[in-house]
Amino acid sequence: MPDTPRRQTFVTSSHWGAFEVDVEADRIVATRPFSQDPHPTRIPDILPAAVHHHARVARPAIRRGWLDTRDRCGRGSDDFVELPWDEALDIAGAEIDRVRKTHGNEAIFGGSYGWSSAGRFHHAQSQVHRFLNAAGGYVASFGSYSTGCAQAIMPHVFGGNFLNLLYQHQDSWQTLFDHTETLVMFGGINPKNAQVSMGGITEHDTASWFDRFAQKRMRCFNIGPQRSDAPAGCDWLPLRPGSDTALMLALAFVLEDEGLTDRAFLDACTTGFDRFRPYLMGDSDGQPKTPNWAAPLCGVDADEIRSLARRMAGTRTMITVAWSLQRAEHGEQPYWMSAVLAAMLGQIGLPGGGVGYGYGAIGGVGKSVIGMRGMTFSQLTNPVDTVIPVARIGDMLRHPGAEYDFNGRRGPYPDIRLIYWAGGNPFHHHQDLNALHEAWQKPETIIVNEPWWTATAKRADIVFPATTSYEREDIARTNLDDYLFYMPQLIPPVGEARDDYDIFAGLAQRMGIEDTFTEGRSASEWIRSLYSDYRALAAEQRIDAPDFEDLKARNWVRLPIRVDGPNRTLFAPFREDPQAHPLQTPSGRIEIFSETIDGFGYDDCPGHPVWLPPSEWLGTATEAAPLHLVSPQPGDKLHSQLESALADVPGARPVALAIHPEDAATRGIGAGDLVRVFNARGACRARAEVTEDIQPGVVALPTGAWFGDPDSNIDPDGNPNVLTRDIGTSRLGQGCSAHTALVDVARLSS
Ligand SMILES: Nc1nc2c(c(=O)[nH]1)N[C@H]1C(S)=C(S)[C@@H](COP(=O)(O)OP(=O)(O)OC[C@H]3O[C@@H](n4cnc5c(=O)[nH]c(N)nc54)[C@H](O)[C@@H]3O)O[C@H]1N2
Ligand SMILES: Nc1nc2c(c(=O)[nH]1)N[C@H]1C(S)=C(S)[C@@H](COP(=O)(O)OP(=O)(O)OC[C@H]3O[C@@H](n4cnc5c(=O)[nH]c(N)nc54)[C@H](O)[C@@H]3O)O[C@H]1N2
Ligand SMILES: [Mo]
C-alpha cells in the first residue's frame, strides 16, 4: 500500500488576518477561517492556487538584453535567462559594487516601497534597507502611498508624528459607541478595507461595531461618491470627489454665522483662527464660504449642509476622514480643514468627539490594545541622507538633478543608476504607469526580489525568486492587535526560491560586507533573538509572553493587552490643560494658521486651509474626459497580491467598474458589458457594474490588476493606474494623487 500523505493543519498570520492552513505533501491544499475571528475574510481562499501558481519565479533570472549588452530598452519585452544562484549572485554583487564605486551610493535607489508579507523578521523592506546600509547606503523614501500627504501636513497642525499620534491614540470604537451621537464620515468607513492591517488583524470587528452603532441609533453620515463606502444603515450624502474642503468650509461658515463656534475652545487650544476667519467669511477674498457657494461645487444641497452643521454643533460629533481624501491633488486641504472644523465645534479631547483619521482604512484603527515595543530587525544607519517623497519616484527618474520642493525643503533629485526593489510592486502602485514605464528605462540596472512574475519583476534586469511567508518561519505581531503568532514554515521553498535574508546574505558575502549584514547569525538565530528581546521588553511592561519554544508549540496566543470598557480619547489631557500638555507644534496648540507653512510661500498650500479646486475633477470635466475616476482598494485581496491566481477565476478579470445607470445608458453600456476606460494617459479594459450606489459622473475601478504590456494600447485586466495622474499633492506634501483623474468609458462588447 502506498503511503497516504499526511495532512497537517497550522495557523498562520498575514496582512489580511490569521487563518488555518492544511498542508499535504509539501503543498498548501486548503485554508479555513481562524477560530477566534468573528468575521473572517475570504481573501485566503485563493492562497493555495496563488502560492503554487505557474507565475512563481522559479529560478534566478537575468534579462537577456542586459546580460548580453547591458541594454536598457528591453525592460518588459525581453526574455530572461535562468542562471544558477551562485552565478546570478556573482553578477548582481559585482554590479552593485560597480555602481557604488563608480557613482557613489547616492546613485542607488532603495526606497523600495510596498507591503510585502507579514512577519517581523522577513520584512522585505527592513532586509533590503539593512543590506544597502551595510553596502554604504542608498537613496531612501519618505512616507507611504497610503498617507504620505497627511504625514507631511498633520505634524504642522497637531504636532508629533502623524502615524504615532493617530493610529494608536485615536478614540477607540468603544469610546465612539459610548459617546458619539453623530458620526460624519468623509470617504466613509468600509469594513472591506478593514479586512487588512499592516502585519495582521486577527478579529475582524469593524462591521460588528456598526451593527452596535445602529442598535444605539447613532446617526452615521457617509459623505462621498459611493454609498458602498459605509455599511448599510448609514445616511449617504453623495459628494463630488475632490470637493470635501468646500463642504467642510461651508459647514464651518454655518457654525460661525449662526454663533455655534466654540470660542472658548479656540482661545484655549488653537492658534490662528483670526487669520483664517476673514477667508471663511469672505472678508479677504470677497467670497463668503456659504452653503450656497459650496453646493454647486460639492453637489450637496445647501439646506442639507446647514442642517448637518447644526446637528454637528448640537450633538457629540466625531468627524472621520478616510485616507483616500489625501491621496488626491491638494489632499492637504481636507485634512487640515477637518481639524479646523473639529476645533470650531470644540469637541476635540471629549470622548467620542473631535476628528479621527483612517477608521476602517485598516482593521487596527480604533482597536484598543496596550502599545508594546520590540521585534524590529535593525536596518542599521544610512550614510546617505538623500530622501525623496515616496510617490515622486517617476519625477526622480525623469529629472535627475532637477530642483523640487517638499515641506519647506528644496533640493535636487538624485541621479539614480541602480534600483533595488524588494517587497513592493511599483507597476501596480504608482500613478501613470505608461509614463513610469518610460522613466524606468533610465537606470543602468534594476534588481528585484519577488515571489511572482509581477509587472515589476518583468521590468527588472535581475530577478531573484523570493519565498513567501508560508515557506519560512517567522513571528507575527503588530501594535494594533492583541495576538501573537509563531508562523511555521508550512512548505519548502517553491522552485529555487530563497528568503530575502539569504539573498542579501549571499550578495553581502560577495561584496565583503557579510559580517555587517548577518552579524554571523542565521535567520533562525535572528528570529529567536528578536523574540527574546521582545519578551524582555514585554516583561518590563508586566506583560507575560510565552518563551519561544512554548509559543512555537502553541502556534498562537492572545496577549493580555486588550483594554475593555470605556477608554481612550485622543487629546484628552491636552484639552484638559493645554499649558501642562502642549502639542508639539510651534505654538503648542492646534494650528489653524501655521506661520511655518505660510513661510514656505507655497501657493498650492498657503498658511491656512483653503479651497483649491483640483486640476481634474467634475468642475473641469471636458467632452473628452467627462467622468471622475476613483480607484479604491480591492475588496477581494490586498493590492496586487494573489493576483496570479485571482486572474484565473472565470469572470474575475477584467476588474469591475462601478458606473451609474445614467452614465451607462448614455453610452449604451449594459450590466456586465466589457468596456474601455480611457483618457489621454492610457486605457484599460473593465467589466461594467451598473449601480445606483455610485453618484452620476463618477466611476470607480479598484486597484489590484497586474499591469499588462504598455505596447498593447489597452491594459487587459483593468489596472486604473494607466489612467491616474503622476503629480504630487502639493509642494508641501508631495503625496500620491491617485484619486484625481478624469476619464471616459466606452462599450467594447457584451
Ligand atoms: N490608483 C491607485 N493606486 C494606488 C492606491 C490607490 O488608492 N489608487 N493606493 C496606494 C497604496 S495606499 C498602496 S499601500 C500601494 C500598494 O502597493 P504595493 O504595496 O506595492 O502593493 P503589493 O501588491 O502589496 O506589493 C507587494 C509585493 O511584494 C511581494 N511580496 C510578498 N511577500 C514578499 C516577500 O517576502 N519578499 C519579497 N521580496 N516580496 C514579497 C508581493 O508578491 C507583491 O508583488 O498602492 C498604491 N496605489
Ligand atoms: N481589502 C483590502 N483592504 C485594504 C487594502 C487592500 O488592498 N485590500 N489596502 C489597504 C491600504 S494599503 C490602505 S492605504 C487603505 C486605504 O484606505 P482608504 O484610503 O480609506 O481607502 P480607498 O479604498 O482608497 O478609498 C475609500 C473611498 O474613498 C472614496 N473617495 C475617493 N475620493 C474621494 C473624495 O475626494 N472624497 C470623498 N469623500 N471620498 C472619496 C472612494 O469612493 C473610495 O471607495 O486600505 C487598506 N485596506
Ligand atoms: Mo496603503
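Residues numbered from 1 in each chain as written. Chains lettered and ligands numbered in written order. Predicted model: local features only at pLDDT ≥ 70, side-chain atom pairs only at ≥ 80, totals over all residues. Heavy atoms only, no water.

1. Regarding the side chain of R100
Next up, step 1: With respect to the secondary-structure elements, R100 resides in helix α3 (residues 85–103).
Next up, step 2: A distance of 2.7 Å separates the side chain of R100 from the side chain of D97, its partner in a polar contact. (Helix = DSSP H or I, 4+ residues; strand = E, 2+ residues; numbered from the N terminus. Polar contact = N/O pair within 3.5 Å; in protein donor to acceptor, adjacent residues only side chain to side chain.)

2. Some words on the domain arrangement of the protein chain
Note on interface size: it is often stated as the accessible area lost on association of the parts.
Next up, step 1: When its domains are assigned, the protein chain resolves into domain 1 (61–143 + 387–537), domain 2 (148–367 + 571–600) and domain 3 (618–747).
Next up, step 2: One C-alpha centre belongs to domain 1, the other to domain 3, and the line joining them spans 29 Å.
Next up, step 3: With 27 residues of domain 1 in contact, the opposing surface of domain 3 contributes 28 residues.
Next up, step 4: Here domain 1 and domain 3 share an interface that buries about 2,300 Å² over both sides, 51% of which is from carbon and sulfur atoms.
Next up, step 5: When the buried surface of domain 1 facing domain 3 is broken down by residue, R392, H428 and Q431 rank first, second and third, together holding 27% of it.
Next up, step 6: Applying the counting criterion to the domain 1 and domain 3 interface returns three salt bridges.
Next up, step 7: The tally of links between domain 1 and domain 3 comes to 17 residue pairs in polar contact (both at pLDDT 80 or more).
Next up, step 8: The set of elements that each furnish at least two residues to the side of domain 1 that touches domain 3 consists of α15 (393–398), β15 (403–406), α16 (426–429) and α17 (433–439).
Next up, step 9: Residue classes in the side of domain 1 that touches domain 3 are distributed as ten nonpolar, eleven polar and six charged. (Domains from an automatic or database assignment. Contact = heavy atoms within 4.5 Å. Buried area = accessible area lost by both parts, 1.4 Å probe. Salt bridge = Lys/Arg side-chain N within 4 Å of Asp/Glu carboxyl O. Nonpolar A, V, L, I, M, F, W, Y, C, P; charged D, E, K, R; others polar.)

3. A short note on the UniProt feature "domain: Molybdopterin oxidoreductase N-terminal" (unreviewed entry) in the protein chain
Next up, step 1: Per the UniProt record, the feature "domain: Molybdopterin oxidoreductase N-terminal" (unreviewed entry) sits at residues 12–52.
Next up, step 2: Between the first and last C-alpha atoms of residues 12–52 the distance is 17 Å; the span itself is 12% helix and 34% strand. (UniProt positions renumbered as here; feature names shortened; annotations may be inferred.)

4. Re the packing of aromatic side chains
Next up, step 1: Evaluated as defined, the whole model comprises 43 aromatic pairs.
Next up, step 2: Ring centres 5.0 Å apart and planes at 40 degrees place the aromatic pair Y113 and Y145 in the tilted group. Here Y113, found in the loop between β6 (108–109) and α4 (124–134), pairs with Y145, found in the loop between β7 (140–142) and α5 (148–158); they are 32 residues apart in sequence, far enough to count as distant.
Next up, step 3: Taking relative accessible area as the criterion, Y145 reaches 7% and is therefore assigned buried.
Next up, step 4: Members of the aromatic cluster, each reached through a chain of ring pairs, are F121, F131, F377, Y420, Y501, F504, F517 and W526.
Next up, step 5: Across from the ring centre of F177, 4.1 Å away, lies the NZ or CZ of R212, which sits over that ring. (Phe/Tyr/Trp six-rings, centres within 6.5 Å; stacked < 30°, edge-to-face > 60°. Buried < 20%, exposed > 50% of the residue type's maximum accessible area, 1.4 Å probe, protein only. Lys NZ or Arg CZ within 6 Å of the ring centre and 35° of its normal.)

5. Focus on the confidence of the model for the protein chain
Next up, step 1: On average, residues of the protein chain score 96 in pLDDT, and 99% of them reach the 70 mark or higher.
Next up, step 2: When mean pLDDT is compared element by element in the protein chain, helix α9 (residues 244–257) scores highest at 99, while helix α6 (residues 162–167) scores lowest at 74. (pLDDT = per-residue confidence, 0-100.)

6. Focus on the pairing of strand β18 (residues 445–450)
Next up, step 1: Counting buried positions over the six residues of β18 gives six, a clear majority of the element.
Next up, step 2: Of the two faces of β18, both are covered, the one formed by T445, I447 and N449 as well as the one formed by I446, V448 and E450.
Next up, step 3: Pairing of strand β17 (residues 418–422) with β18, which is carried by five bridges, proceeds in the parallel orientation. Looking at β18, one finds that I419 is bridged to I446.
Next up, step 4: In this sheet, strand β19 (residues 462–465) lies alongside β18 in parallel orientation, the contact comprising four bridges. By the bridge assignment, N449 is partnered in β19 with F464. (Pairing = 2+ DSSP bridges.)

7. Looking at the site of ligand 2
Next up, step 1: Lining the immediate surroundings of ligand 2 are 31 residues, of which D229, G242, D244, R327 and K637 lie closest.
Next up, step 2: A distance of 3.2 Å separates a nitrogen atom of ligand 2 from a polar atom in the backbone of G187.
Next up, step 3: Here an oxygen atom of ligand 2 sits 3.1 Å away from a polar atom, N or O, in the side chain of Q226.
Next up, step 4: Protein chains bury 97% of the 910 Å² of accessible surface belonging to ligand 2 in isolation.
Next up, step 5: By residue class, the composition of the shell around ligand 2 is 15 nonpolar, eleven polar and five charged. (Near = heavy atom within 4 Å. Areas by Shrake-Rupley, 256 points an atom, 1.4 Å probe, with all protein chains shown as cover.)

8. Re the sheet that holds β19
Next up, step 1: The six strands are arranged β5-β4-β19-β18-β17-β6 in an open sheet whose pairing can be described as mixed. On the outer flanks of this sheet lie β5 (80–82) and β6, each paired with one strand and no other.
Next up, step 2: Where strand β4 (residues 61–63) lies against β19, two bridges are found, and the strand directions are antiparallel. The residue of β19 that forms the bridge with I62 is I462.
Next up, step 3: Against the sheet, α3 touches β4, β6, β17, β18 and β19, its axis set at about 130 degrees to β19.
Next up, step 4: In the packing of helix α19 (residues 500–510) onto the sheet, contacts are made with β17, β18 and β19, and the angle to β17 comes to roughly 150 degrees. (Axes fitted to C-alpha atoms, helices over the stretch in contact; angles between N-to-C directions.)

9. Regarding the pairing of strand β9 (residues 219–224)
Next up, step 1: A large share of β9 lies buried, amounting to five of its six residues.
Next up, step 2: Remark: the strand β8 (residues 182–186)/helix α8 (residues 206–215)/β9 crossover connection has right-handed handedness.
Next up, step 3: Across four bridges, the pairing between β9 and strand β10 (residues 235–238) is parallel. From the neighbouring strand, G224 faces β10, where its bridge partner is P238. (Right-handed = clockwise from strand over helix to strand, strands pointing away.)

10. Some words on the sheet that holds β10
Next up, step 1: The parallel open sheet is built from five strands, whose spatial order is β10-β9-β8-β12-β13. The strands lining the two open edges of the sheet, one partner per strand, are β10 and β13 (354–357). For this sheet the average axis-to-axis angle between neighbouring strands, irrespective of direction, equals 20 degrees.
Next up, step 2: With four bridges joining them, strand β12 (residues 317–321) and β13 adopt parallel strand pairing. What sits directly across from T320, in β13, is G356.
Next up, step 3: Relative to the sheet, helix α14 (residues 332–345) contacts β12 and β13, its axis offset from that of β13 by approximately 155 degrees.

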